Amino acid sequence: MRIRSLLVVLLFAAGLAQAKGTLTGTVTSSKDGEPIVGANVVVVGSRAGASTDLDGRYRIVVDQGSWDIQVSHISYEALEKKQVVVIDNEETVIDLQCVPFVLKGEEVVIQGRIKTNNENALLTARKKADTVNDAISSEQMSKSGDGNVASALKRVTGVTIQNGKDIFVRGMGDRYSNVQLNGSALPSTNPDRREVPADLLSSSLVDNVTVQKTYTADQPGEFGGGSVQIKTREFPDQRSLKVGMSTSFNTTSTGKDFLSYEGGDTDFLGYDDGTRELPGNTNDANGDGRMSSEEGMQAASAFQNNWTPGMDSAPINQSWGLSYADRYELFNERELGLVTSFSWSHKTDNRNGDYRNLYQPGALASDYERISGSQKSGLSAMVNVFFKLSPRTTVGLRNLYVNQAEDKATRVSGSYYNSDGDYRQDILKFERRSMLSNSLELKQDLPMLPEGRVKARLGLSSTRREEPDTRNTHYAFNDVTRRFEIVLTQRGNYHFFSEQDDRILDSELGLEFRPLQKLGLKTGLQYMNRDRTFDARQFTYDNSGTSSPYPTELRGTDAESALGPDVVAAGQLRFFESTRGSDSYEAVQNRFAAYVSGEINVTPTLEVNLGVRLEQDAQDLNDEELTNYTDVLPALNTTWRITNDTALRGAASMTLARPEFRELADFYFTDFIGGRTTYGNSEIERTRITNTDLRYEYYFGIGELAAVGAFYKHFDKPIELRHRNSQQPEVVYDNVDSADLFGLEFELRKNLNRQMQLSGNLTLIHSEVNYADDVHNQANRDRALYGQSPYSLNLNYYWKIEELNSTLNLAYNTFGKRISSVGSLNQGDDEYEQPFHKLDLVASREWGAWTTKLSLSNLLDDDVEFVQSGIVTDTYSPGRTVSLGFSYEL
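Owing to the predicted nature of the structure, the values given are computational and were not obtained by experimental measurement. (Residues numbered from 1 in each chain as written. Predicted model: local features only at pLDDT ≥ 70, side-chain atom pairs only at ≥ 80, totals over all residues. Heavy atoms only, no water.)

J.: Help me understand the overall build of the protein, please; the structure alone is not making it clear to me.
T.: If you tally the helices and strands in the protein, you get 8 helices and 51 strands. Radius of gyration (C-alpha) of the protein: 30 Å, near the 29 Å computed for a compact globule of 890 residues. For the protein, the share of sequence-separated contacts (at least 6 apart) that also reach a separation of at least 24 residues comes to 69%. Within the structure as shown, the protein displays about 37,900 Å² of accessible surface, and the carbon and sulfur contribution to it stands at 53%. In the protein, the 93 positive side-chain charges and the 124 negative ones have mean positions that sit 6 Å from each other. (Helix = DSSP H or I, 4+ residues; strand = E, 2+ residues; numbered from the N terminus. Rg over C-alpha atoms; globule rule 2.2 N^0.38 Å. Contact = heavy atoms within 4.5 Å. Areas by Shrake-Rupley, 256 points an atom, 1.4 Å probe, with all protein chains shown as cover. Lys, Arg positive; Asp, Glu negative; His and termini not counted. Charge placed at Lys NZ, Arg CZ, Asp CG, Glu CD.)

As structure tokens, this is what we get:
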């Protein structure tokens, strides 16, 4: 009791709470006793109510007293149960039975909407599914305090997140993760690899996220670890207007000095105001897009001459949100549903620590101290409109726009192998990422076919990444003058501009029906067109080939003086375009697919889903066709429902992993920091994957589950990075002979009592990459797949304090060390990201229409650390974060 009282005092204001009890039960049909899905159960005269799940169950917490209960459903007569007595701290079970509508001469079409934004509903859907899958709802995201989809996904069994946004499903990274938004593929925001911007998607926009782990023929063939299926908010049940704000304090950033520089006036909105745009006089007279040294003398004055970062004080982080949802009754029983949302956020962050590059064991290529400050600003807007044109026809239009910009200043200083003394590098970088997703959906029931339905979808998604005027300067310490002097001979001082547009048109037409009582068929056609344009330009300063010598007195001054346009105009410094041909490309991918699958009820307890997919895919780069494959991909899923509460699932399939555009190009690109050069390879082949799964599930109560599963995957010619035979840090994409991956998954959800739940999941994975007879200059001949953790663990404790209208959620997450960079033979070992132990506490309380939420993140104050051959190569402290939020809902 002391602990409980202390928590109440700390988390909420003192006050008297009204006694409450719980109503539970099942709503069934009087005709056949079957559970009714999506029935609305309302306590008359209160705000309390619930919708029944897929088993017809409901649960409502309400003040003690005598209440009338109403049940409604579009296909059943309304039912009212009067004077139901609710007693404090007790559970009252009320089972209800509804009578179906009977209309002479007319057919009644059953229409029920299933809520999919809470854990119980998703667990019920998982129980009835014919695949191995896991899911997380918006309800659970709110409990755990995860602000975006990428952060929330780490709570799912077998899913880990790298770099805050890269999704790894069952130990396999972005190449093997098929991520969809409302059924359509998501484009990338990274020019070098597939990087789905899940971190841009606020959890407030999402209804649920399902991770399908076994393949079915209606899914794209690029299915390695699984398919991550994100759904935005659905048809609302009632009117809702919600306004919210939150503010947060971080122990390593807020109120402390952070590295910054002067940017544009609209940076706080996530957009550059034109301050950083490429000047218009950078093309030569011949119009070939390249600027010569002579033209550079004229153009230098038009470029930004702001190079040196300074220190500023970090403000408190904040975010604001507004959402509105409603449903409208139109003429002739038609309905319109509207869901809208808008949000803005701003966050300041420090990333100070050590950064090293290993040349060989015990010898460093570089040993830097890094100071890095960033400001992130984000905007999002969503408008989803749903039309119920008839009891058989529903049309939905989903529209989502998100934008995020990071304004970052970085200074690294220390020793570098190619410099005689200490070395310093300053980088000023503004990066904007945005995504626009539009999806038109049609669902049409077909009365002429048994359980017939047509589903059509047309999706158009685009992402844009802009990096306007990244500025890079290099300095070396002069032991004679005892000062840092600018380095002009290695082309290390430059302006860099890049922009990428990635667009995906994704369409599907599907038909499903049940020709026989024990056979359901699903067939369809899919087409995807992906179009990408990437353009980059670089403008460099150096003192080679100048008409006049560079003034010695300027070497030790700030970069604004040392690289000033007056020095270029005097012929003492050369300013020219150093853009390479590989810095720009255009790429197109076209995919056609047809599939058919059958759901066979072999016995009342044994279900078999057997399907096959025919997929033709071609990729072009700069008008040259690089790949063109046609593949036949079989899929088998079986479910043996041993009892009503237990199931044994098995699956086997063949799937693919294809190379990305940049990996196929015979181009190269170099990192800003560290200088590693990455080469493409037009000879890369697609990877073929053999998948097998086995899982046992036991649903022993409402919201309760115990599951254990095993899986195995064999990769034929997986695509990996290998080191080239070079004295420089150079890597290339290539096929290796094969790889194998084995895994075990465990999950438990247990209600300790009616107010407390304990849940957790553990994934164990082992993988091996086989280089055959050629080790390709690698540090380790036998190693795990890149980014694969040997284990991941989630623990979650949830306490619903009903008498205080409050909840408390404690969540822990960690993972085993994973390869973050493949090491060379000289380096002696791969680089590993070390385990990170994250403990978060979230408490919330409802005060009528008001809700307050307190979040404490990274309570253990763990550090992020990378190690190679026993040397710490990168480390920083994310710090602890305290967040306080308020929302008001009508």
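Here the narrative resumes.
J.: Teacher, can you tell me more about the sheet that holds strand β3 (residues 49–51) here?
T.: Backbone-to-backbone hydrogen bonds pair the strands of a sheet. The strands run either parallel or antiparallel. Judged by pairing direction, the sheet is antiparallel, and its 4 strands sit side by side in the order β3-β2-β5-β6 without closing on themselves. Bordering the open sheet on either side are β3 and β6 (76–86), each of which pairs with just one other strand. Across this sheet, the average inter-strand angle for adjacent strands is 15°, counted without regard to direction. Two strands pair when backbone bridges link them, and strand β2 (residues 40–43) and β3 are joined in this way by 3 bridges, in the antiparallel orientation. Residue pairing across strands places asparagine 40 opposite serine 51, the latter belonging to β3. (Pairing = 2+ DSSP bridges. Axes fitted to C-alpha atoms, helices over the stretch in contact; angles between N-to-C directions.)

J.: Would you take a moment to explain the sheet that holds strand β13 (residues 184–185) for this structure?
T.: Here 5 strands make up an open sheet; going across it, the order is β9-β14-β15-β12-β13 and the pairing mixed. Of all the strands in the sheet, the pair left with one neighbour each is β9 (133–137) and β13. Note that β9 and strand β14 (residues 206–212) share 5 bridges and pair antiparallel. When the sheet's bridge partners are listed, aspartate 134 is paired in β14 with valine 211. In the packing of helix α2 (residues 119–128) onto the sheet, contacts are made with β9 and β14, and the angle to β9 comes to roughly 165°.

J.: Whenever I open this one, the packing of aromatic side chains confuses me. Can you help?
T.: Each aromatic ring pair is described using two quantities: the centre-to-centre distance and the angle formed by the ring planes. In total, this model carries 17 aromatic pairs according to the counting rule given. Measuring from ring centre to ring centre gives 5.6 Å for tryptophan 307 and tyrosine 541, while their planes differ by 80°; the resulting arrangement is edge-to-face. A residue pair is termed long-range when its members are at least 10 positions apart, and tryptophan 307 in the loop between α5 (293–299) and β18 (310–313) and tyrosine 541 in strand β28 (residues 519–542) qualify at 234 residues. Exposure class is identical for tryptophan 307 and tyrosine 541. Each is buried. Three or more aromatic residues link up through ring pairs in this structure, and these residues are Phe303, Trp307, Phe497, Phe539, Tyr541 and Phe575. Directly above the aromatic system of phenylalanine 711 lies the positively charged group of arginine 170, at a separation of 4.0 Å from the ring centroid. A cation over an aromatic ring shows up here: arginine 845 above the ring of tryptophan 847, its NZ or CZ 4.0 Å from the ring centre. (Phe/Tyr/Trp six-rings, centres within 6.5 Å; stacked < 30°, edge-to-face > 60°. Buried < 20%, exposed > 50% of the residue type's maximum accessible area, 1.4 Å probe, protein only. Lys NZ or Arg CZ within 6 Å of the ring centre and 35° of its normal.)

J.: I'm lost on the environment of threonine 638 in this one. Help?
T.: Tracing the backbone shows threonine 638 in strand β32 (residues 624–643). Here the alpha-carbon distance between threonine 638 and tyrosine 668, two residues 30 residues apart in the chain, equals 46 Å. Residue contacts for threonine 638: discarding those within four places in its chain leaves Glu607, Val608, Leu648, Arg649 and Gly650.

J.: Can you help me understand the pattern of salt bridges in this one?
T.: A side chain of one charge can pair with a side chain of the opposite charge if their charged atoms are brought near each other. Scanning the model with the defined rule gives 68 salt bridges in all. Linking arginine 398 and glutamate 441 is a salt bridge whose minimum nitrogen-to-oxygen distance equals 2.7 Å. A residue pair is termed long-range when its members are at least 10 positions apart, and arginine 398 in strand β23 (residues 393–416) and glutamate 441 in strand β24 (residues 422–446) qualify at 43 residues. Exposure class is identical for arginine 398 and glutamate 441. Each is buried. Glutamate 467 serves as the salt-bridge partner of arginine 465, at 2.9 Å between the closest nitrogen and oxygen. Relative accessible area serves as the criterion here: at 10%, arginine 465 is assigned to the buried category. Ionic contacts of the salt-bridge type, sharing partners, join the residues Arg126, Asp134, Arg170, Lys213, Arg649, Asp693, Arg695, Glu697, Glu745, Glu747 and Arg749 into one network. (Salt bridge = Lys/Arg side-chain N within 4 Å of Asp/Glu carboxyl O.)

J.: Would you mind showing me how to read a nonpolar patch on the surface here?
T.: On the surface, Leu241, Val243, Leu322, Phe342, Trp847, Trp850, Leu884, Phe886, Tyr888 and Leu890 cluster together into a nonpolar patch covering about 880 Å² of accessible area. When residues of the nonpolar patch are traced back to their parent elements, those giving at least two are β16 (240–250) and β51 (881–889). If one sorts the elements of the nonpolar patch by residue count, β51 sits on top with 3 residues. On the secondary structure map, tryptophan 850 appears in strand β48 (residues 850–857). Owing to a relative accessible area of 46%, tryptophan 850 belongs among the partly exposed residues under this scheme. (Patch = residues over 30% accessible without salt bridge, like charges linked within 9 Å, V, L, I, M, F, W, Y side chains within 5 Å.)

Interpretation in functional terms is not warranted from these geometric data alone.
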